Amino acid sequence: MKIVKSVICLSLALGMACSSTAPVGTTPTAAKSAIDIKVDSVLKLMTLQEKGGQLNQYNGFYDVTGPEPKSGQAAEKLEHLKKGLVGSVLNITGAEQVRNIQKIVMDNSRLKIPLIFGFDVIHGFKTISPIPLAEAASWDLRTIEKSARMAAEEASAAGINWTFAPMVDVSRDARWGRVMEGSGEDPYLGSQIAVARIKGFQGTDLAANNTILACAKHFVGYGFAEAGRDYNSVDVSEATLENVLFPPFKASVDAGVRTFMNAFNDLNGVPATASSYLQRDVLKNRWNFSGAVVSDWGSIMEMIPHGYASNLSHAAEIALNAGNDIDMESYAYVNHLEDLVRSGKVSEENLNDAVRRVLKLKFELGLFDDPYKYCDAKREKEVTFSEPLQIIALDMALKSVVLLKNEQNLLPLPKSGKRIAVIGALAADKTSPLGSWRIGASDNTAVSLLEGLKNYPNAQITYAKGADVALGETKFVSELTINTTDKSGFAAAIETAKNADIVVMMLGEHGLQSGEGRSRSELGLPGVQQELLEAVFAVNKSIVLVLQNGRPLTIPWAAENIPAIVEAWHLGTQSGNAIAQILFGDFNPQGKLPMSFPRSVGQLPLYYNAKSTGRPAANEPNSVFWSHYGDVPNTPQFPFGYGLSYTTFSYNNLRLSSAKLTDSQKITASIDLTNTGKVSGTEVVQLYIQDEVATGTRPVKELKGFELVTLAAGETKSVTFTIDKKMLEFFSANRKWETEDGTFKIYIGTNAQTNSFKVLTVE
Ligand code: NOJ
């Protein structure tokens, strides 16, 4: 403990309280500089080799419950740990495990600089929330923040103090499997949700033992992978980068996010990891980001296959110079930075800047005061899977469900008196509802739909599997074998449907069919499920189709023929309970789609905030020469912002407080919203704006505000949005963010296809 003591004494001698470790951006300037001075006091003690080590991040490597390193690499990692050549680790969890690893550093290394423990807490840790795309469908920022708070509580109790979330990549292509991990296609909604999630993870005091560092990722362009194929190249214009991809990242910085992750992809010819334009010019200089940038897993090393670096040392040089602070699993920094500085290829100033950023995080977390502060096995036991967390997970799941279709009010189902057949392997599945990216949770820990339905003891339920979605064992890392052949359960399912009044069919994607590396070129119901649906429909048309999936699917046949469709995503631990409450009407659905659902894969990328083109519509019947497909309409199956309720709403009397907006003025746009149905319900009222003529072509509509409004049956409320010039800014032809004078259409409505507007003139 000698060196740690010396660091602490130095701090005390300088008159600083060691506990002033709250995050930069939320604390007074004095506290900020206090941390900076402490950081410098540590930095001064470090050798070049230790500095490189501080930027080195390793994956879990040492089984502390049976302390034999598993491979040669593990032995080397352990050696590095003892020598203080590891700054952070990922995928080591559990209060005791974390304590043991931290202890190796504290007992053996020269400077005893504590480790940070990172983990992909993407949508919960052990208690799993809906996948982020589903949470985004709630548009409910407070509940989303609570869900992230819950995840931080549970993860921090297991020793984790850094999550690699939120993923704030905007994406317009459902072929990309990682759309499940983001907030969908809209930069405004995505920004709001990014802020909510960061607040939830980081709280107001990072030094508290139940808050964790958040990480905005993947900077940038990863969600625009060409053709939706994961890790593929990205080529976007500066205008799209600024207007569409940057906003959620900028909002994350403004919300005080303490870390960023760069991306696997190359962007306009430069790997994101190598881009000093992105990491230094934009992020650290223009946006003033004072936290640390971590590479994606091995993305420094991947500059070699990208054809951008000739070897690992070259890759390390490029990455560090470009502003990539931490090396996740490339072994590049730990092995090469010292030499690179000695040979002058990397300046010590740049190295110091990166190390400072990492040390600063450690002070902010309070790790120098107590390296074991997240290692309380008693708290871990109390918090993990506890009742309050289940309540939050259930609430989030309920609000994430989107009702896509409900003809003749087939839903809600009567709680008794009808025979209900439940069909589909997913209805009994206790793992798939956890979705992808839930690596902290164990299999079989979700409430299945069948289990959820048992909460309604008077319901007469029969069950038939019909067909499996995937065949054989499914492990996190393996490719799934989708069932395209086994229809042996069809006959029993058809029989069960024949003997029922109503059929609930749960179909869709296996929990691991979306997520990283899970791109798809077809987005229909996988395997034999479409056939099963049609076979059951042939004997019973009263079908409620419950979709369970991690991305928009193409379901044109179901959209036309099936009377009721519920989008239930992968809803997490409480999935079955939430769906049952929705089906039986104990919760009125209120979710709205955060991504357009295409009619066909050929429409992708598909997004509501598209440009008009010069030929947006046919100018005469049967015209061919306009921007369209010959075989499918341009419109989505279900648009962005769409979702039904068990009640109905009407929008009336759209009005502006003034038809003109000048410089510092603000005006308001209002609407009267009435619940015209028989039950109370919540509507997400959406404000869209179109800049009609500009120096750069502008989208036909852009979301600029939304509000959740709960109304009793028959009740009316006016909903008001304030509009100022700032809201109308965009990255213009002058290559800067500005508002251009002219006319703007102001829409308020129930989804992105709303077409009633008022014109606002901006001067
Ligand atoms: C690769 C993923 O792209 C990234 O999002 C994740 O945080 C890291 N692996 C660490 O698991």
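Our subject is the structure that appears above.
Cut-offs used in this document
Residues numbered from 1 in each chain as written. Predicted model: local features only at pLDDT ≥ 70, side-chain atom pairs only at ≥ 80, totals over all residues. Heavy atoms only, no water. Helix = DSSP H or I, 4+ residues; strand = E, 2+ residues; numbered from the N terminus. Rg over C-alpha atoms; globule rule 2.2 N^0.38 Å. Buried < 20%, exposed > 50% of the residue type's maximum accessible area, 1.4 Å probe, protein only. Contact = heavy atoms within 4.5 Å. Areas by Shrake-Rupley, 256 points an atom, 1.4 Å probe, with all protein chains shown as cover. Lys, Arg positive; Asp, Glu negative; His and termini not counted. Charge placed at Lys NZ, Arg CZ, Asp CG, Glu CD. Pairing = 2+ DSSP bridges. Right-handed = clockwise from strand over helix to strand, strands pointing away. Phe/Tyr/Trp six-rings, centres within 6.5 Å; stacked < 30°, edge-to-face > 60°. Lys NZ or Arg CZ within 6 Å of the ring centre and 35° of its normal. Arc of directions from axis to C-beta. Near = heavy atom within 4 Å. Polar contact = N/O pair within 3.5 Å; in protein donor to acceptor, adjacent residues only side chain to side chain. Nonpolar A, V, L, I, M, F, W, Y, C, P; charged D, E, K, R; others polar. Salt bridge = Lys/Arg side-chain N within 4 Å of Asp/Glu carboxyl O. Core = buried A, V, L, I, M, F, W, Y, C linked by side-chain atoms within 4.5 Å. Domains from an automatic or database assignment.

Tallying secondary structure elements over the protein chain gives 20 helices and 28 strands in all. For the protein chain, the C-alpha radius of gyration of 27 Å lies close to 27 Å, the compact-globule estimate for 763 residues. Once the C-alpha set of the protein chain is aligned to its principal axes, its extents read approximately 75 × 65 × 50 Å. Considering the protein chain as a whole, with its 763 residues, one finds that 60% of them fall into the buried category. Long-range pairs, those at least 24 residues apart, make up 78% of the contacts in the protein chain with a sequence separation of at least 6. In the structure as shown, the protein chain presents an accessible area of about 27700 Å², 50% of it carried by carbon and sulfur atoms. Counting 74 positive and 82 negative side-chain charges, the protein chain places the averaged centre of each group 3 Å from the other.

In this section: the pairing of strand β6 (residues 259–262). Side chains Thr259 and Met261 project from β6 onto one buried face, and the interleaved Phe260 and Asn262 project onto a second face that is buried too. Where strand β5 (residues 215–219) and β6 come together, three bridges link them in parallel fashion. Opposite Phe219, over in β6, you have Asn262 as the bridge partner. The β-α-β motif built from β5, the intervening helix α9 (residues 238–254) and the parallel element β6 has right-handed crossover chirality. Sheet topology places β6 next to strand β9 (residues 292–294); three bridges connect them, and they run parallel. Note on β9: the bridge partner recorded for Phe260 is Val293.

Okay, unusual backbone geometry next. Residue Val220 is bonded to the preceding Phe219 through a cis peptide linkage, with omega at 0 degrees. Relative to the assigned elements, Val220 resides in the loop between β5 and α9. Residues Leu604 and Pro605 are joined by a peptide bond in cis, for which omega reads -5 degrees. Backbone geometry at Tyr331 places phi at a positive 60 degrees, although glycine is not the residue there. Within the element layout of this structure, Tyr331 appears in the loop between β10 (327–328) and α12 (332–342). For Tyr331, a relative accessible area of 14% puts it in the buried group.

This part is about the packing of aromatic side chains. Each aromatic ring pair is described using two quantities: the centre-to-centre distance and the angle formed by the ring planes. For the coordinates displayed, the defined rule picks out 26 aromatic pairs. Geometrically, the ring pair formed by Tyr231 and Phe264 is edge-to-face, given 5.3 Å between the ring centres and 85 degrees between the ring planes. Placement of the pair is Tyr231 in the loop between β5 and α9 and Phe264 in the loop between β6 and β7 (266–267), with a sequence separation of 33 residues. A centroid spacing of 4.5 Å and a plane angle of 15 degrees characterise the contact between Tyr608 and Phe640, whose relative ring orientation is stacked. Taken together, the positions of Tyr608 in the loop between α20 (575–583) and β19 (649–656) and Phe640 in the loop between α20 and β19 put the pair 32 residues apart, joining distant regions of the chain. Over the ring of Tyr607 we find Arg172; its NZ or CZ atom is 3.5 Å from the centre of that ring. Here the guanidinium or amino end of Lys217 rests over the ring plane of Trp437, the centre of that ring lying 5.6 Å away.

Before going further, it helps to spend a moment on helix α18 (residues 529–537). Every buried residue of α18 is accounted for by Gln529, Leu532, Leu533, Val536 and Phe537. Seen from one end, α18 has its buried residues packed into an arc of 130 degrees, which puts them on one side. Considering only its buried residues, α18 is in contact with β12 (419–423), α17 (490–498), β16 (502–508), β17 (543–548) and α19 (556–561).

What follows is about the site of the ligand. The immediate surroundings of the ligand are formed by 13 residues, with Asp120, Arg178, Lys217, His218 and Asp296 found nearest. One of the side-chain nitrogen or oxygen atoms of Lys217 is found 2.8 Å away from an oxygen atom of the ligand. His218 places a side-chain nitrogen or oxygen 2.7 Å from an oxygen atom of the ligand. Against a free-state accessible area of 300 Å², the protein chains account for coverage of 94% of the ligand. Grouping the amino acids of the shell around the ligand by side-chain chemistry returns seven nonpolar, one polar and five charged.

Within the secondary structure layout, Gly517 lies in the loop between β16 and α18. Under the relative-accessibility criterion, Gly517 is labelled partly exposed at 35%. In this structure the C-alpha to C-alpha distance between Gly517 and Met150, which are 367 residues apart in sequence, comes to 27 Å. Leave out the neighbours within four places in its chain, and Gly517 touches Asp230 and Tyr231.

Looking now at the sheet that holds strand β4 (residues 162–163). If you walk across this open sheet you meet the five strands as β4-β3-β2-β1-β10, and the pairing is parallel. The open sheet has two free edges, formed respectively by β4 and β10, since each of these has just one partner strand. Pairing of strand β1 (residues 56–59) with strand β2 (residues 88–90) involves three bridges; the strand directions are parallel. Its bridge partner being in β2, Tyr58 is matched across the sheet by Val89.

Another point: the side chain of Arg551. Mapped onto the elements of the fold, Arg551 is located in the loop between β17 and α19. A distance of 2.6 Å separates the side chain of Arg551 from the backbone oxygen of Ala174, its partner in a polar contact. A polar contact of 2.6 Å, which involves the side chain of Arg551, links it to the side chain of Glu509.

Turning to the pattern of salt bridges, a few remarks are in order. Across all of its chains, the model carries 41 salt bridges by this definition. Between Arg286 and Glu242 there is a salt bridge whose closest N-O contact spans 2.8 Å. Within this pair, whereas Arg286 is found in helix α10 (residues 276–286), its partner Glu242 is found in helix α9, the two being separated by 44 residues in sequence. On the basis of relative accessibility, which here comes to 44%, the residue Arg286 falls in the partly exposed class. Judged by relative accessible area, which is 1%, Glu242 ranks as buried. Note that Lys405 is salt-bridged to Glu407, the shortest N-O span being 3.5 Å. Of the residues examined, Lys405 reaches a relative accessible area of 11% and is grouped as buried. By relative accessible area, Glu407 is classed as partly exposed at 40%. Each of the salt bridges in this network shares a partner with another, and the network as a whole consists of Asp120, Arg178, Glu181, Lys217 and Glu516.

The next subject is the nonpolar core. Within the largest apolar cluster, 122 residues are counted, with the highest numbers of intra-cluster contacts made by Phe219, Phe260, Met505, Val544, Trp569 and Leu583. Formed jointly, this core draws a minimum of three residues from each of two domains, domain 2 (80–379) and domain 3 (398–603). Core analysis: the second largest hydrophobic core is formed by 47 residues, Ala316, Ala319, Leu351 and Ala354 among them.

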